[in-house]
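Take a look at the letters that make up each chain.
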Amino acid sequence: MDVVALKRRAAELSKGLKWRSVEGIETPHVLDGDIEVRGALAADIDGDDKKDTIYSIALPSEMAPFWQPRYLLADVTSRPGRLLKVAESFYAEIEAVAAIDLNGDGPHEVLVTEPYHEGSGSFVGRFDGDKLKRLGGWGCGL
Ligand SMILES: [Ca+2]
Ligand SMILES: [Ca+2]
C-alpha cells in the first residue's frame, strides 16, 4: 500500500462527512492538504497467517485538534485491493499501537489509544466483519 492509495481513500471518506454536535448535525470543514499518517501497525488481524497493516490517519481540519476526522484504515490480506475503514473518531486521536493474539485463536487483537483534548483512553478491538469490534476499554477525562 502506498501513500497515494491512502490519500485516495481519505478523499473518499471526507465526501459527505457529517458529525453530531450540541447544535445538531453539521458538515465539518475538512481542509485541503496532506493527510497525517500517524502510524502503521503490522499484525494478522483476519487470522490467515499473513500480516495485515493498520494505518492510523487524520484528515486536515480547521478545528484540529479538538475536532478532526481520524481513521484506522486496514489493508487486510483476505480482502485485497481495498483499504477498510475499521474505526473512526472525530474527537479522539485514535492510533493502533500494538497487537497480540490475546485469546490464542489465531487473529491478533489490536490495542488502540484514543487520547482527546480533555482526557484519554484505550481499547482492545478484534477484527469482525469489516470493523474493529471493541472487546473492552478504559479511559479517564471529562
Ligand atoms: Ca492477514
Ligand atoms: Ca485472537
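Everything numeric in this text was worked out from a predicted model, so none of it was measured.

Visitor: Is there a simple way to think about the sheet that holds strand β3 (residues 36-43) in this case?
Guide: The strands making up a sheet are joined through hydrogen bonds of the backbone, oriented either antiparallel or parallel. With respect to topology, four strands assemble into an open sheet ordered β3-β4-β5-β6, the strand pairing being antiparallel. With one partner strand each, in any of the chains shown, β3 and β6 (83-89) form the two edges of the open sheet. When the angles between neighbouring strand axes are averaged without regard to direction, this sheet yields 20 degrees. Across six bridges, strand β5 (residues 70-75) lies against β6 in antiparallel orientation. Residue pairing for β6: Arg 70 is matched across the bridge by Ser 89.

Visitor: Looking at this model, I keep getting lost on the sheet that holds strand β10 (residues 131-141). Mind explaining?
Guide: Strands sit in the order β7-β8-β9-β10 across an open sheet of four strands; the sheet is antiparallel. Only two strands of the sheet have a single neighbouring strand rather than two, namely β7 (95-100) and β10. Between one strand axis and the next, the sheet turns through 20 degrees on average, direction left out of account. In this structure, strand β8 (residues 109-113) lies alongside strand β9 (residues 119-128), joined through four bridges in antiparallel fashion. Counterpart to Val 112 in the pairing with β9 is Phe 123.

Visitor: Just to check I follow, could you spell out helix α1 (residues 3-14) for this structure?
Guide: An α-helix turns once per 3.6 residues; consequently, residues spaced three or four apart project the same way. An ideal rise of 1.5 Å per residue puts 16 Å on twelve residues; α1 measures up with 16 Å between its terminal C-alpha atoms. Gly 16 occupies a position one or two residues after α1 and carries a positive phi of about 70 degrees.

About the thresholds
Residues numbered from 1 in each chain as written. Chains lettered and ligands numbered in written order. Predicted model: local features only at pLDDT ≥ 70, side-chain atom pairs only at ≥ 80, totals over all residues. Pairing = 2+ DSSP bridges. Helix = DSSP H or I, 4+ residues; strand = E, 2+ residues; numbered from the N terminus. Axes fitted to C-alpha atoms, helices over the stretch in contact; angles between N-to-C directions. Expected span 1.5 Å × (residues − 1).

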